Amino acid sequence: MKCIILAGGSGERLWPLSRDLYPKSLLKLDGDKTLIQNTYEIAAELTSNKNILTITNIRQESDIRLQLKQYAKNIEIISEPLIKNTAPAAASAITYLEGDKDEIVIFLPVDFKIEDIEKFKEAVKKAQLLSKSDLIIALGVKPEYCDNGFGYIKAGEKIKNGFYVEKFIEKPDYNDAKSYINNKDYYWNCGIYIGKLSVFKENFEKYSPEIINKLSKEMFEENNKIKYEYYKNMPEISIDYAIMEKTDKLAFVELKTKWYDLGSWQNIYNKKEKDSKENVIEGNVISEKIQNSLIYSSKDVVAVAGLKDKIVIETEDAILVCSKEKACEINKLVKKLKEEKDKTTLSCKTVYRPWGYYTCLNSGKGYLTKLIYVLPKNRLSLQSHNHRSEHWVVLEGSADVVLEDNTYSLQKGKSIDIPQKAKHSLQNNTDIPLKILEVQRGDYISEDDIIRYQDIYGRV
């Protein structure tokens, strides 16, 4: 079986922690592993590493590759040029894998956890057997509370190992979702689908030809990057709306273990351990008389009083306050922010990298300033930028700067200019941390303006 991990989303419902350039798949939201690492480990329980394919956005590819390199030498990744939701991603993976029409594939979202891996494997095995009847099989779990951010499945006729799906409802309104909780025929849809490659393709051709007909084997460039022209007019739609709500070939298998969707703040709250007042409190928080709430502080003190059923999330540059009931609608706020070109949707002020971190201090038209912190014995990749130049000033420590064919040693107070398109690298070869003030100047200032040539962390 082939496992396809869908890891290209920006995680808008987890804003302001999740951003376009550092989305939910790269975050540690529950435990010491990121969501992509957790999902890859689940996939590795189902099949060998050579049968696992991850599809993500080109902006996230290098970070995804870095986080997965501990699991296998050759991580297979497809990178999309634009974020277009799960239907184009799934169709692209099908096009990439097209070969044996009877080969079975499983699509895994990147934001889930399960409690009992053996029961999960048992459910997948049942789904594999059912899928041989030319059906698409979903996994469903009994709902525990009302959440209209989930998809719901209504069980139809019982068949061996599962049920036909009588009705598929993706993200119903709140009152409908509430009515499903006490109805034994309704299940949460886990967003996990199993079926033959040929069956997925046939359903795309029948229900979403505007997606699958745009794709071909010729769309893949070197390193499995999808060419921009194949995605520029691609509709942005989930596989649930594009296929699952329409198909008459859908069945499901019940997953008989705890399943958690970690894609929204309400679901994070539901998963976390709570105090005596049913609160989840993390970070620098002072509270008084709050109940059933999630309060998170990344840095600054957050003081709250008299709250009930609320979510409060603080990051360096943004604060979110909402009711738990409306947590699944945070993506609507993010869309408004994007329409206003607000930079808090793009990246956090402080971004952690394997070599240390950087903090954005200030920005304006044509410039950006950063504080760069490089850990001892670490180095940034050898890279260049097509649209910007850089000026570095050593604030603390000692820097070795590779600039084209030369190496320069800079002590505290010294500076150097990095011209546009010049190959360069920043290195800390000492035993103490290095701090650099960086000033970027150019007509386009963005983290995706990086061309890597060498990298000790495998991001080339």
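Further up the page is the structure itself.
Residues numbered from 1 in each chain as written. Predicted model: local features only at pLDDT ≥ 70, side-chain atom pairs only at ≥ 80, totals over all residues. Heavy atoms only, no water.

Caption draft 1: Spotlight on the sheet that holds strand β20 (residues 367-374). Strand order in the open sheet formed by 6 strands is β18-β19-β20-β28-β23-β26, with antiparallel pairing between adjacent strands. Looking at the sheet topology across the chains shown, the edges are occupied by β18 (350-353) and β26 (415-418). Geometrically, the sheet is characterised by an average inter-axis angle of 20° between neighbouring strands, direction not taken into account. Bridge count for β20 against strand β28 (residues 434-442) is 8 bridges, and the pairing is antiparallel. Note that in β28 the partner of Leu368 across the bridge is Gln440. (Pairing = 2+ DSSP bridges. Helix = DSSP H or I, 4+ residues; strand = E, 2+ residues; numbered from the N terminus. Axes fitted to C-alpha atoms, helices over the stretch in contact; angles between N-to-C directions.)

Caption draft 2: Structural view of the sheet that holds strand β17 (residues 319-323). Reading across from one edge, β12-β14-β16-β17 is the order of the 4 strands in this open sheet, with mixed pairing throughout. Each edge of the open sheet is held by one strand with a lone partner, namely β12 (280-282) and β17. With direction set aside, neighbouring strand axes in the sheet form an average angle of 5°. Alignment of β12 against strand β14 (residues 294-297), held across 3 bridges, turns out to be parallel. Bridge assignment links Val280 to a residue of β14, and that residue is Leu294.

Caption draft 3: The arrangement of the nonpolar core in detail. Among the nonpolar cores identified, the biggest contains 93 residues, and Phe120, Leu139, Ile192, Trp259, Trp265 and Leu426 are the most heavily contacted of them. Residues contacting Trp265, with those up to four places away along its chain left out, are Arg13, Leu14, Trp15, Leu17, Leu294, Ile311, Ile313, Leu320 and Ile330. The next biggest cluster of nonpolar side chains, apart from the first, holds 44 residues, and it includes Leu6, Ala91, Ile226 and Phe252. (Core = buried A, V, L, I, M, F, W, Y, C linked by side-chain atoms within 4.5 Å. Buried < 20%, exposed > 50% of the residue type's maximum accessible area, 1.4 Å probe, protein only. Contact = heavy atoms within 4.5 Å.)

Caption draft 4: Summary view of the pattern of salt bridges. In this structure the tally under the stated criterion is 31 salt bridges. Note that Lys171 is salt-bridged to Glu170, the shortest N-O span being 2.7 Å. One salt bridge connects Glu390 with Arg388, and the closest N-O pair in it is separated by 3.0 Å. For Arg388, a relative accessible area of 2% corresponds to the buried category. (Salt bridge = Lys/Arg side-chain N within 4 Å of Asp/Glu carboxyl O.)

Caption draft 5: Representation of helix α2 (residues 61-68) in the model. For α2, a buried count of 8 out of 8 residues is recorded, marking the element as mostly surrounded by other parts of the structure. What α2 keeps buried is the set Glu61, Ser62, Asp63, Ile64, Arg65, Leu66, Gln67 and Leu68. On its buried face, α2 sits against α1 (35-46), β2 (52-57), β3 (76-80), β18 and β29 (451-454).

Caption draft 6: Fine view of the layout of surface pockets. As a volume, the second largest pocket reaches approximately 700 Å³. Those elements giving two or more residues to the lining of the second largest pocket turn out to be α2 and β18. Counting residues per element, the lining of the second largest pocket draws most heavily on β18, at 4 residues. Grouping the amino acids of the lining of the second largest pocket by side-chain chemistry returns 10 nonpolar, 6 polar and 7 charged. (1 Å grid on protein atoms, 1.4 Å probe; cavity = no way out; pocket = protein on both sides within 12 Å on 5 of 7 lines; lining within 4 Å. Points joined across faces, edges and corners; volume = space filled by probe spheres on them. Nonpolar A, V, L, I, M, F, W, Y, C, P; charged D, E, K, R; others polar.)

Caption draft 7: Representation of unusual backbone geometry within the structure. Between Trp15 and Pro16 the backbone carries a cis peptide bond, its omega angle lying at 10°. Even without being a glycine, Asp134 presents a positive backbone phi close to 60°. Within the secondary structure layout, Asp134 lies in the loop between α4 (117-131) and β6 (136-141). Of note, the phi angle at Asn224 is positive, near 65°, even though the residue is not glycine. Topologically, Asn224 is positioned in the loop between α7 (209-212) and α8 (239-244).

Read these as layout, nothing more, since geometry by itself doesn't imply function.
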